Amino acid sequence: MIIVTSGHVDHGKTALLKALTGTNTAHLPEEKKRGMTIDLGYAYLPLKEKVLGFIDVPGHEKFLANMLAGLGGVHYAMLIVAADEGIAAQTKEHLAILRQLQFTEIMVVITKADRATDEQIESLKTQIQTDYPFLAQSYYFITSAQTGLGIDALRDYLANLPELAEINKPFRYAIDRVFSVKGAGTVVTGTAFAGTVAIDDELFLSTGQKVRVKNIHAQNTPSEKGLAGQRLALNLNVDLDRIPMQRGDWLLASEPLEPTDRITIEITPEVNLKDSQPVHIYHAASRKTGKLTLLESKNAMKNDRTLAEVILEQPLFLAFGDKLILRSGDAKVLIGGAKVLEIHSPKRYKRTEARLAFLAKLNQAQTATQRIGLTLQKEAVSAQALMWSEQLTENQLAEALAENGDIRFQNWCFNRDYQREKTQQILTALGTYHEQHNDQLGLSKARLYRIATLNQPENLIYHFIEEMLDEGQLQQTRGWLHLPSHKIQFSAEEQSLWQAVLAEFEKAHGQAIWVRDMATALAQDESVMRNFMYKAGKLGYLTPIVKDRFFLTESIYAYARLIKQMAGEEGKVAVNELRDKLNFGRKLTVQLMEYFDRTGFLRRKGNDHILRDKDTFDL
């Protein structure tokens, strides 16, 4: 467990912690020389069943960024106020930050009690409770590091605070220092936001590299494992020359997704806000810049919680519920505290009524299961994205999906409403195609996907199509998808004519035949022959590559197999190469290639044609 201590410079934080723990947190030479905590100082108090860690954060305005780095993943805080000085200038800003970070409990410790009268101390306590209502119910401790007054009572109270760390979530650790130790190698220090880590565990850096944990110090003590809510020093098998690390990086249990540069937040303003302003964003050990945009109105009053979007100039690794502190564009004024609601906010339609209603429900949801249910009402989402945003394990995600009645196929999670919507889009698109192209038997799976459900997960839509085939909502003939109602049959007379047509194609030895040439050869009326050959096309026996010019469909499949073989060897197919293979004229070869382009089997790129969908023309 870690407890933050915060307060104005010279109000006795470091002396209080030394009295509690016996450790001087002014650990840097510059700090000791100046008598001021510049970077984060740490002290530890071993107890019977646990070790309490204390972060002595800086009190001077110049070092506020270091203070904010110490507050991630911490549930308890102590506000330090000197009895003889009271609420000082920097104490006010620290109070605002502590309030904005919504600690589970903030204890008020009045120090240097030996320098003030009882009346002064009681007056100070009343002033704090009056001026800062959120501290009215806090526990107050009157102490003196010099005389020992109140130290034992404070130590006993801290020892009995309940542990609130999220040890059941995936390991997530914010690095705030990186250095080398002779004989050990690379060591990082930081706070474990969630989960557990053990010696020999393999972790991922947020930069993507995999590292192994060689040794662990938890709360300044050698340990076999580290837990959420602890201050950890991790000895890693990393060569810093080969894999550089820095403050602000993360260590994670699983391979990270791409960081985000566009987030939705709920912000509680510390000052009146206007729409669209530059901000500094503080998260764990990172500090970035960006632009804050209000979503519900053009202005927001102090303390009025409101929805907003932040567009970051450099991305951050964020998850739902992460706490942020925002300061003004010049970094001089605290403008608010925020909670992350979405880690990838949309670029368009961000202020619609439906959008704001969704965000309100998301903000009110009490559990990850509820939020996942809301998210899947809009779209299919990858399992990795859900697990990252909610910081869940595979089993925890499976439990949440089962509780909601949601579904997972391979990597995609969705609900029944989404599947019904996409199924109807597929049926509608195919029906429209039949009306507009009555000379075609149907569509390839890839082309139907592009027409009906472009930008949806391709393998998931293919899964829906397979289920529709199994259920009889779709049918497939010679690889072409069509509605069950889209069927034609030859009459007995037409069957006889088909035998004559087939004989002519056999004489052509794989060449295409024009309608007029077939009509002449069989002494038929050209319009009658045209209607018949297009009907044969609907049945899948013939395939028109341009108006009135047909191949036998089995020849088309043979040429497709040849193209797959050529593309497999060269990665592409050129018209001249295919012409030489087939011994066709160039015009006919171009018509054939353009037909394959239109069906989605090939895609033209310059003078070449690239295989786009190898499953098309697959018997």
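What comes next is a walk through the structure. What you see is a predicted model, and the numbers here were worked out from it, not measured in a lab. (Residues numbered from 1 in each chain as written. Predicted model: local features only at pLDDT ≥ 70, side-chain atom pairs only at ≥ 80, totals over all residues. Heavy atoms only, no water.)

With that settled, consider the pattern of salt bridges. Opposite charge on two side chains permits them to pair, given that their charged atoms come into close proximity. Within the structure shown, the criterion is met by 24 salt bridges. Notably, a salt bridge pairs Glu-526 with Arg-530, separated by 2.9 Å at the nearest N-O pair. Taken as a pair, Glu-526 and Arg-530 lie in helix 16 (residues 526-538) at a separation of four residues, close to a single helical turn. Two residues, Asp-548 and Arg-530, come together in a salt bridge whose shortest N-O distance is 2.9 Å. Note that Asp-548 is positioned in the loop between strand 30 (542-546) and strand 31 (549-552) and Arg-530 in helix 16, a separation of 18 residues in sequence. When its relative accessible area of 22% is taken as the criterion, Arg-530 is described as partly exposed. A single network of salt bridges, built from pairs that share partners, joins Arg-262, Glu-309 and Lys-350. (Salt bridge = Lys/Arg side-chain N within 4 Å of Asp/Glu carboxyl O. Helix = DSSP H or I, 4+ residues; strand = E, 2+ residues; numbered from the N terminus. Buried < 20%, exposed > 50% of the residue type's maximum accessible area, 1.4 Å probe, protein only.)

So, on to the sheet that holds strand 31. Taken in spatial order, the three strands line up as 29-31-30 in an open sheet, and their pairing is antiparallel. On the outer flanks of this sheet lie strand 29 (513-514) and strand 30, each paired with one strand and no other. With four bridges connecting them, strand 30 and strand 31 associate as antiparallel partners. When the sheet's bridge partners are listed, Thr-543 is paired in strand 31 with Phe-551. Across the sheet, helix 14 (residues 492-508) is in contact with strand 29, strand 30 and strand 31; its angle to strand 31 comes to roughly 85°. Here helix 19 (residues 586-599) sits on the sheet in contact with strand 30 and strand 31, set at roughly 105° to strand 30. (Pairing = 2+ DSSP bridges. Contact = heavy atoms within 4.5 Å. Axes fitted to C-alpha atoms, helices over the stretch in contact; angles between N-to-C directions.)

What follows is about the sheet that holds strand 32 (residues 573-574). Taken together, the three strands give an open sheet; going across it, the order is 32-34-33, and neighbouring strands pair in antiparallel fashion. Among the strands making up the open sheet, the edge pair consists of strand 32 and strand 33 (602-605). Two elements, strand 32 and strand 34 (residues 608-611), share two bridges in a ladder whose sense is antiparallel. When the sheet's bridge partners are listed, Val-573 is paired in strand 34 with His-609. On the sheet, helix 19 packs against strand 32, strand 33 and strand 34 and is oriented at approximately 110° with respect to strand 33.

Right, let's talk about the side chain of His-482 for a bit. By the secondary structure assignment, His-482 is in strand 28 (residues 480-482). Judged by its relative accessible area of 2%, His-482 is buried. Here Thr-477 takes part through its side chain, which lies 2.7 Å from a polar atom of the side chain of His-482. (Polar contact = N/O pair within 3.5 Å; in protein donor to acceptor, adjacent residues only side chain to side chain.)

The next point concerns unusual backbone geometry. In this structure, Tyr-349 takes a positive phi of about 55° despite not being glycine. By secondary structure assignment, the location of Tyr-349 is in the loop between strand 23 (334-342) and helix 7 (353-364). For Tyr-349, a relative accessible area of 58% puts it in the exposed group. Despite not being glycine, Asn-455 shows a phi value in the positive range, around 80°. Within the element layout of this structure, Asn-455 appears in the loop between helix 12 (445-453) and helix 13 (458-471).

Attention now goes to the nonpolar core. Of all hydrophobic cores here, the largest spans 33 residues; its most connected members are Leu-79, Phe-103, Ile-106, Ile-128 and Leu-135. Per-element accounting of this core gives the leading share, four residues, to helix 4 (residues 89-100). The next biggest cluster of nonpolar side chains, apart from the first, holds 27 residues, and it includes Phe-193, Ala-300, Leu-326 and Ile-343. (Core = buried A, V, L, I, M, F, W, Y, C linked by side-chain atoms within 4.5 Å.)

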